[in-house]
Amino acid sequence: MFSTRRLIISVVAFAGALVFFVVPFIFIALTAVKTKQEASLLQLTWPTETQLWQNLVAVIEARDFMMIQAFINSAIITVGSVTLIVLFSAMVGFVLNRRKTSWNKMIMFLVLSGLMIPPAIVPTIWLLQQLGIFRTLHSMVLVEVAYNISFGILLYRAFFSTIPRELDEAAIMDGAGPVTLFFKVMLPLLKPVTVTNIVVLSVIIFNDFVHPLYYLPGDDNVTIQLTLYNFQSMFNTSYNLLFMNVLVITVPMLIVFLIFNRQIVSGMTSGALKG
Amino acid sequence: MTLFGRRTALANQSRPLNLQSYYPLWFYVPAGVIYGLMFLLPTFASLYFSLTRWTLFNQEFIGFENFVEFFNEPFLLKGLVNTFIFGFSTSAGKVIVGMGLAVLLTSNIYMRGLLRSVVFFPVLVSTIGIGITFNVLMDPQDGVINAALAIVGIDGPHWLTSPKMAIYSVALVEIWRGVGLATLILIAGLMAIPDDFYEAARLDGASAWHQFWRITVPLSRPAIATVLTLSLIDGLRTFDLVWAMTRGGPGFSSDVLASVIYKQYQAGFYGLSTAGNVILFMVIALVALPIVAFLNREER
C-alpha cells in the first residue's frame, strides 16, 4: 500500500516537472529546427520538416559571423575576469580567515555591500570614459571582477577555516615566506573550492546581460547575450532562427551542468547561505 | 630538512615567530584596488551626480529636484511601485513554491536526483533566452500556454499585452526561473532537521500537516530567511527579464526601477538615471537590511 502511494506521487511529480520545467526547453529545441513558416505558428508540434544544420549555419553567418565574434568576446571576458577573481579573492579569503585585525569587520561589510548594492551605472561609465577605457574588453573584465569578487571571497573564506593552521606553521618552519606559503602550499589545497568558484562565476559572467549592455555598446564588442538581444528584433519574423540562437547559448550551459552538477549546486547554495 | 635543522633555524631567530606577518595585508591590495575603483568610487560619485542635471553636454547642481521628479512623474513612480510588487511577489512565490518542491524532493519518491536537477536547470540558462521563450509561449492568440488552457476550457489572459497583467506575468516567469535555487537552499535546510523530531511527533499522533507547520517551517527558518533575502535583493534589482519580455511596456506599465534607469540613460538624462540608481540602493537597504539583521540575530 505504501509503495503504491510512493509510485503515484512519483509519477505525478515527474509529470508535473515534465510539463512545467521540460516542455519550455523542448519547445526551444523543436522550434529551432523548424522551417520559418512552421515556426511562425508558435505551436508545440513535431516539425514536419527539420532543418537543424541550415538554421544553425544561418544563425552563425548572420551579420558577418557576429556569433563567432561574440563567442570570442564572451570567452575573453569570462576567462579573464574569472582568473582574476579566483586569484585575488583567494588572497583576500586567506588573510581574512587567518589574520584577526580590526579591519576584518570593515572588509566583511564591504564584501556584503558588494553582494547587495546595485552598481551605480552612469557614474561607472563616466569613470571609464575619464580613464579612457570605455568600450574595451579589459574594462569589462575589471568591472566583472569588481562586481563578482565578493562571491569568491565568501566561498574562499569559508573554505580556509577547514584547513588546519598547523599546516601553515609546518610550512613556515620549513622556511616558506608568505608568497610561497600561499601559492605553493595553500593554492593546491583549494582545488575543490576553486573548481566550484570557476564554474559558478563562469556561468554568472557568461550569462551577464545588463553590464555588457551598458559598458560595451557597439557591434565590435558584442557579447553572446547581446547577440540574442540584437537578434530578438532582427529575427522577429524568423522564430526558427531566434530559437536556434537560444538553443546555441543554452546547450553549453547544459553540458557544463551535466559535468559540474555537484560543484554548481554546492557553490550556489553554500555561497548563498554564507551571504 | 631534518627536525634538528628546523629547530636550530628557529632558535637562531632573535625574535619569536610572528605568524601575523605570514598573512600580509598587501594580499588585500589587488582586490581592494579594483573593487574600490570600479565599484566603491562610482557608488559614492552617484550620491553627488544624483543631485545634478547631467546630460551629454552639461552638468548643473540642482539639489533634490531629480528625486522630487521621481515621486511626481507617474511613469517614474510606476517603476518604483512595480519594483516593490515584483520584489515581494517573486520572493513570496519562490519561498512558497520552493518549500512545496523541497518537501516533495526530500520525500522518498523515485528519480529524486533527476527531478532536483530538472527544477534547478533554468537557474543556469540565459535570462534573455528565457524571456524570449516565454514571450512566445505567452502569446495571447497563438501561444502554447493559452492553447493548453483552451483545451481545459479556460480563456487565457493577455499575459504580456495587458497593462494590468504584464508585471505579474514577468514575475511568474521569474519565479519559474529562480525557484530551483530556492528549492535547493530549502532542501539543505530541511535535511538539517533531525529525524527524531518527526518520529517523536508521529508517536504523539501529529498529522503530516501539523508536522509541516510545527517542525518543518520553524526549524528551516534560517533557510527561508536566506531565500527571502536573496530573492528580494535579486527581485528588486531585476532588469534582464523585464527588458527581454516587455521593455517595460505596454506603455510604462511594467517598468521597474532598473528599466527606468536604463531608459533615462538612453534618453540622455544621466542625473535622473543616477537618481534612480540611488533610490534603488535605498530601497534595497531599507528592505533587505532589516531582514539580514534579523537573520543574524536568529543565528546567534
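Since the model is a prediction, treat every value here as computed from it, not as a measurement. The residue numbers shown here count from 1 along each chain, following its written sequence. Chains carry letters from A onward and ligands carry numbers from 1 onward, assigned in written order. Since the coordinates come from a predicted model, pLDDT governs what is reported: local features require at least 70, and pairs of side-chain atoms require 80 or more to be given and counted, while whole-chain, interface and lining totals use all residues. Processing note: side-chain calculations cover all non-hydrogen atoms of the structure and skip hydrogens and water entirely.

> Honestly, the overall build of chain A in this entry has me stumped. Any pointers?
Each helix and strand counted, chain A has twelve helices and zero strands in total. We take the radius of gyration over the C-alpha atoms and set the globule estimate at 2.2 Å times the residue count to the 0.38 power. Taking 19 Å as the expected radius of gyration for a compact globule of 275 residues, we find that chain A reaches 23 Å, considerably beyond that expectation. Its C-alpha atoms give chain A principal-axis dimensions of roughly 70 × 70 × 30 Å. Each residue's exposure class comes from its accessible area (1.4 Å probe, protein chains only) as a fraction of the maximum for that residue type: buried when under 20%, exposed when over 50%, partly exposed otherwise. Across the 275 residues that make up chain A, the buried fraction comes to 53%. Contacts in chain A between residues at least 24 apart in sequence constitute 75% of all its contacts with a sequence separation of at least 6. Separation between the mean location of the 16 positive side-chain charges and that of the 12 negative ones in chain A comes to 14 Å. Put simply, DSSP H or I for four residues or longer makes a helix, DSSP E for two residues or longer makes a strand, and each gets a number counted from the N terminus. Any two residues whose heavy atoms approach within 4.5 Å at even a single point are treated as in contact. For the purpose of counting charges, residues Lys and Arg are taken to be positive, whereas Asp and Glu are taken to be negative. His and the chain ends are not included. By convention, charge coordinates are those of NZ in Lys, CZ in Arg, CG in Asp, or CD in Glu.

> Help me understand the layout of surface pockets in this model?
Unfilled space is identified by rolling a water-sized probe across the atoms. In this structure, the second largest pocket spans a volume of roughly 960 Å³. Forming the boundary of the second largest pocket are 24 residues, of which V103, T106, S107, N108 and Q211 of chain B lie nearest the centre. Among the elements of the structure, helix 1 (2-32) of chain A together with helix 4 (74-106), helix 5 (112-120), helix 8 (166-191), helix 9 (195-203) and helix 10 (208-219) of chain B are those that each provide at least two residues to the lining of the second largest pocket. Residue classes follow a fixed rule: Ala, Val, Leu, Ile, Met, Phe, Trp, Tyr, Cys and Pro count as nonpolar, while Asp, Glu, Lys and Arg count as charged, and any other residue, Gly among them, counts as polar. Looking at the lining of the second largest pocket residue by residue, the classes come out as eleven nonpolar, six polar and seven charged. A cavity here means a set of 1 Å grid points, computed over protein atoms only, where a 1.4 Å probe fits but cannot escape. A pocket is an open set with protein on both sides within 12 Å along at least 5 of 7 lines, and lining residues have an atom within 4 Å of a point. Grid points are joined across faces, edges and corners, and a volume is the space filled by probe spheres set on the points.

> How do you make sense of the packing of aromatic side chains when you look at a structure like this?
To describe a pair of aromatic rings, one takes the distance between the centres and the angle between the planes. In summary, the pairing rule links any two rings of Phe, Tyr or Trp, Trp by its six-membered ring, whose centres are within 6.5 Å, and it sorts them by plane angle into stacked for under 30 degrees, edge-to-face for over 60 and tilted for everything else. Taken as a whole and judged by the stated rule, the model has 36 aromatic pairs over all chains. Between Y48 of chain B and F61 of chain B the ring centres are 6.2 Å apart and the planes differ by 20°, which places this aromatic pair in the stacked class. Of this pair, Y48 of chain B sits in helix 2 (residues 29-49) while F61 of chain B sits in strand 2 (residues 59-61); the two residues are 13 residues apart in sequence, bridging distant segments of the chain. Judged by its relative accessible area of 41%, Y48 of chain B is partly exposed. For a ring to carry a charge above it, either NZ of a lysine or CZ of an arginine must fall within 6 Å of the ring centroid while also lying within 35 degrees of the normal to the ring plane. Note that R6 of chain A overlies the ring of Y110 of chain B, its terminal NZ or CZ placed 4.0 Å from the centroid.

> I'm lost on the interface of chain A and chain B in this one. Help?
Accessible area lost upon the coming together of the parts is a frequently used measure of interface size. At the interface, 93 residues of chain A touch 85 residues of chain B. Of the roughly 8400 Å² buried at the junction of chain A and chain B (both faces included), carbon and sulfur atoms supply 78%. Looking at the side of chain A facing chain B, the largest losses of area belong to F21, R99 and M116 of chain A, adding up to 9% of the total buried there. We count a salt bridge whenever a side-chain nitrogen from Lys or Arg sits within 4 Å of a carboxyl oxygen from Asp or Glu. The interface formed by chain A and chain B holds zero salt bridges in total. Once two parts are brought into contact, the accessible area they lose, counted with a 1.4 Å probe and summed over both, makes up the buried area.

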